[in-house]
Amino acid sequence: MSTEAQDGELAEERELVGRAVAGDRDAITDVVRLLQDPLYRLALRMVWRPAEAEDATQEILLRVLGHLGTWRAEAKLLTWAYRIGVNYLLNLKRQTPQEAIQLSLDAYREGLADGLAEADYRGPEATLLTEEVRLNCSQAMLQCLARDERVAFVLGDVFELNSTDAAWILDITPAAYRKRLERAKKRLGNFLTATCGLANPEAFCRCSRRVDKAVALGRVDPRKPSFARHPITPGGRTVAQAEQQMARLHDAAAVLRAHPDYAAPQAKMDAIAGLLHSGRFPLLD
């Protein structure tokens, strides 16, 4: 994007935020719509499960709206909102199952080798469940990283932010951010190269051979897949499009990046809208 276009976008955001801070309900709704899906995708990558990501997104959005008057256009509105979201997610007391048992990538790799079928799954909804295993697995492996490395990887290699913006979000220097990102990339890259058949055709694990085990362990629910049938942002990437992108790139980062453009669940967004219009939210006092 050219500097002129960036300046124009920032001017539009200043105008929108100005109206929102002044109490314009339509402007507040537009701010929520602008931020809700990207913040949800950030939360989902950090907390693994959609239900937890929904709760986190609601809390982050309320914090963003509560501090909207402090935004001084030092960064794009979404970048500024990411900073608030990252601070919340890094300090979240609730742990993912992997965090609770301090699961390492080595231990996770051993778990994937246990129960791997000799042939691809051919049962009902084979394509859907194979996709669900892939999406669930790439979410789970991220949880084996420490939170600071996880968020560095998500910002840089999944969201593809530059090191200056990512460092500003994390409130560290660009040099420190690049070091943190490099550590995360090396750990995940080594894991995927040794483990994942999508990243390395010579590696042992295949999503289609993990379906039965994943179902048996309760990690995949055939009746209600969490990720493969998750709603997406209007016009966003579907599961199939994300798969195609991964196949073209064919590297470790692509495996973790190849998720559809998930949309924040509407029920939670409606709950936020209800709060905003209740007369109890300070932005509208």
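This write-up is about the structure you can find in this document. It should be emphasised that the depicted structure is a prediction, and the values quoted were computed from it without experimental measurement. (Residues numbered from 1 in each chain as written. Predicted model: local features only at pLDDT ≥ 70, side-chain atom pairs only at ≥ 80, totals over all residues. Heavy atoms only, no water.)

1. Examining the overall build of the protein
For step 1, the next point in the chain: The helix and strand tally for the protein stands at 14 helices and zero strands.
For step 2, the next point in the chain: From first element to last, N terminus to C terminus, the protein shows the α and β order α-α-α-α-α-α-α-α-α-α-α-α-α-α.
For step 3, the next point in the chain: Along the three orthogonal principal directions, the C-alpha set of the protein runs to about 65 × 45 × 35 Å.
For step 4, the next point in the chain: Residue pairs in contact within the protein that sit at least 24 positions apart in sequence constitute 76% of those at least 6 positions apart.
For step 5, the next point in the chain: For the protein, the exposed surface amounts to about 14000 Å²; the carbon and sulfur share of it is 49%.
For step 6, the next point in the chain: Computed over 38 positive and 39 negative side-chain charges, the separation of the two mean positions in the protein equals 4 Å. (Helix = DSSP H or I, 4+ residues; strand = E, 2+ residues; numbered from the N terminus. Contact = heavy atoms within 4.5 Å. Areas by Shrake-Rupley, 256 points an atom, 1.4 Å probe, with all protein chains shown as cover. Lys, Arg positive; Asp, Glu negative; His and termini not counted. Charge placed at Lys NZ, Arg CZ, Asp CG, Glu CD.)

2. A short note on the packing of helix α2 (residues 25-47) against helix α4 (residues 77-90)
For step 1, the next point in the chain: Running from amino to carboxyl end, α2 crosses α4 at an angle of 35°, the nearest separation of the two axes being 10 Å. At the point where α2 passes α4, the crossing takes the right-handed sense. Contacts from V31, L34, L35, P38, L39, L42, A43, M46 and V47 in α2 reach L77, L78, A81, Y82, G85, V86, L89 and L90 in α4.
For step 2, the next point in the chain: Its residues assigned to classes, the contact of α2 with α4 shows 16 nonpolar, one polar and no charged. (Axes fitted to C-alpha atoms, helices over the stretch in contact; angles between N-to-C directions. Left-handed = near helix turned anticlockwise from the far one by under 90°. Nonpolar A, V, L, I, M, F, W, Y, C, P; charged D, E, K, R; others polar.)

3. Thoughts on the layout of surface pockets
For step 1, the next point in the chain: In this structure, the largest pocket occupies an estimated 790 Å³ of space.
For step 2, the next point in the chain: Residue lining of the largest pocket: 31 residues in total, with K76, L78, Y82, F159 and L161 positioned closest to the centre.
For step 3, the next point in the chain: Mapped onto the lining of the largest pocket, the elements with two or more residues apiece are α1 (3-21), α2, α4 and α9 (163-170).
For step 4, the next point in the chain: Looking at the lining of the largest pocket, the element that brings in the most residues is α1, giving six residues.
For step 5, the next point in the chain: For the lining of the largest pocket, a count of residues per class yields 13 nonpolar, six polar and twelve charged.
For step 6, the next point in the chain: A volume near 560 Å³ is recorded for the second largest pocket.
For step 7, the next point in the chain: Lining the second largest pocket are 35 residues, with Y108, L112, V133, C137 and R210 positioned closest to its centre.
For step 8, the next point in the chain: Contributions of two or more residues to the lining of the second largest pocket are made by α5 (97-100), α6 (105-113), α7 (126-142) and α10 (174-195).
For step 9, the next point in the chain: Of the residues forming the lining of the second largest pocket, the biggest block, ten residues, is contributed by α7.
For step 10, the next point in the chain: Tallied by class, the residues present in the lining of the second largest pocket amount to 20 nonpolar, nine polar and six charged. (1 Å grid on protein atoms, 1.4 Å probe; cavity = no way out; pocket = protein on both sides within 12 Å on 5 of 7 lines; lining within 4 Å. Points joined across faces, edges and corners; volume = space filled by probe spheres on them.)

4. Points about the packing of helix α8 (residues 147-158) against α10
For step 1, the next point in the chain: The N-to-C vectors of α8 and α10 enclose an angle of 95°; their axes lie 8 Å apart at closest approach. In terms of axis orientation, α8 runs roughly perpendicular to α10. Across the interface between the two elements, D148, E149, A152, F153, L155, G156 and D157 of α8 pack against Y177, R180, L181, R183, A184, K185, R187 and L188 of α10.
For step 2, the next point in the chain: Residues belonging to the contact of α8 with α10 are distributed by class as follows: seven nonpolar, one polar and seven charged. (Parallel < 35°, antiparallel > 145°, perpendicular 65-115°, else oblique.)

5. Considerations on the side chain of Q98
For step 1, the next point in the chain: Here Q98 lies in helix α5.
For step 2, the next point in the chain: The exposure class assigned to Q98 is buried, which follows from its relative accessible area of 6%.
For step 3, the next point in the chain: When sequence neighbours within four positions are dropped, the list of residues in contact with Q98 reads W48, L103, A140 and Q143. (Buried < 20%, exposed > 50% of the residue type's maximum accessible area, 1.4 Å probe, protein only.)

6. Brief notes about α9
For step 1, the next point in the chain: Burial in α9 covers these residues: A166, A167, I169 and L170. The buried residues of α9 occupy an angular sector of 160° when the element is viewed end-on, so they sit on one face.
For step 2, the next point in the chain: Two or three places before T164, at the start of α9, stands the capping residue N162, its side-chain oxygen 3.1 Å from that residue's backbone nitrogen. (Arc of directions from axis to C-beta. Polar contact = N/O pair within 3.5 Å; in protein donor to acceptor, adjacent residues only side chain to side chain.)

7. Topic: helix α3 (residues 50-66)
For step 1, the next point in the chain: With 17 residues, α3 ought to run about 24 Å at 1.5 Å a step, and its terminal C-alpha atoms sit 24 Å apart, in line with that.
For step 2, the next point in the chain: Three or more residues of α3 are buried, namely P50, A53, A56, T57, I60, L61, L62, V64 and L65. (Expected span 1.5 Å × (residues − 1).)

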